[in-house]
Amino acid sequence: MKFKRWLFPVASAVVLLIILLLFYLAAEPYSYDTGYGALAIMMNGLIFCVAIVSPALSVLYSKICLSDSTNKYYFTLYNSLLLTLPILIIFLNLIVFAFIPFVWYEIWGLIGLIRKKSSEKEETN
């Protein structure tokens, strides 16, 4: 299915955006005092999304959708770009730092392309 190679990153970006917006809505009531509570909630949400959710989505995308693709490296770039967009939407002033999550997602996407060697070679030796 060629469509899942194109739609999975879009769906992943939407899921990531929804999670970030939920953290933003959770932080909103705490922003009226000093703002440190809201900052803590948003930073935890950002760390959760960048460190756990996005790498998991990148590995799943590489393993599930790109196993038989000929342009798998280009699709990992496409996935990394789309996963970086929700961070840019929520945190517009972090455009300079968008390169760091992009590289992070690309590393995890490439890790997902690594295949284990079959044990058949070990049995023949």
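Described below are features of the structure shown in this document.

Conventions adopted
- Residues numbered from 1 in each chain as written.
- Predicted model: local features only at pLDDT ≥ 70, side-chain atom pairs only at ≥ 80, totals over all residues.
- Heavy atoms only, no water.
- Helix = DSSP H or I, 4+ residues; strand = E, 2+ residues; numbered from the N terminus.
- Expected span 1.5 Å × (residues − 1).
- Buried < 20%, exposed > 50% of the residue type's maximum accessible area, 1.4 Å probe, protein only.
- Arc of directions from axis to C-beta.
- Contact = heavy atoms within 4.5 Å.
- Core = buried A, V, L, I, M, F, W, Y, C linked by side-chain atoms within 4.5 Å.
- Axes fitted to C-alpha atoms, helices over the stretch in contact; angles between N-to-C directions.
- Parallel < 35°, antiparallel > 145°, perpendicular 65-115°, else oblique.
- Left-handed = near helix turned anticlockwise from the far one by under 90°.
- Nonpolar A, V, L, I, M, F, W, Y, C, P; charged D, E, K, R; others polar.

1. Thoughts on helix α4 (residues 99-112)
Here α4 is 14 residues long and its end C-alpha atoms lie 20 Å apart, about the 20 Å a rise of 1.5 Å per residue gives. For α4, the full list of buried residues reads Pro-101, Tyr-105, Glu-106, Gly-109 and Gly-112. Around the axis of α4, the buried residues are gathered within 135° of arc, so they sit on the same side. In α4, those exposed residues whose orientation departs by more than 90 degrees from the buried face are Phe-99 and Ile-100. In this structure, the buried side of α4 is in contact with α1 (2-27), α2 (36-65) and α3 (72-90).

2. Focus: the environment of Lys-2
Tracing the backbone through its elements, the reader meets Lys-2 in helix α1. Through-space distance from the C-alpha of Lys-2 to that of Cys-65 is 8.6 Å; in sequence the pair is 63 residues apart.

3. Some words on the nonpolar core
One finds Leu-16, Leu-46, Ile-87 and Tyr-105 to be the most contacted residues of the largest nonpolar core, which totals 15 residues. With 7 residues, the top contributor of residues to this core is α2. Not counting chain neighbours up to four residues away, the residues in contact with Ile-87 comprise Leu-20, Leu-46, Val-50, Pro-101 and Tyr-105. Core analysis: the second largest hydrophobic core is formed by 5 residues, Tyr-61, Cys-65, Phe-75 and Leu-113 among them.

4. Details of the packing of α2 against α3
Direction vectors running N to C along α2 and α3 enclose 160°, while the axes themselves pass 11 Å from each other. The angle between α2 and α3 places the two elements in the roughly antiparallel class. Two packed elements cross with a definite hand, and for α2 against α3 that hand is right-handed. Between α2, through Met-42, Leu-46, Val-50, Ser-54, Leu-57, Ser-58, Tyr-61 and Ser-62, and α3, the contact on the second element is made entirely by Phe-75, Thr-76, Tyr-78, Asn-79, Leu-83, Ile-87 and Ile-90. Along the lines of polarity and charge, the residues of the contact of α2 with α3 split into 10 nonpolar, 5 polar and no charged.

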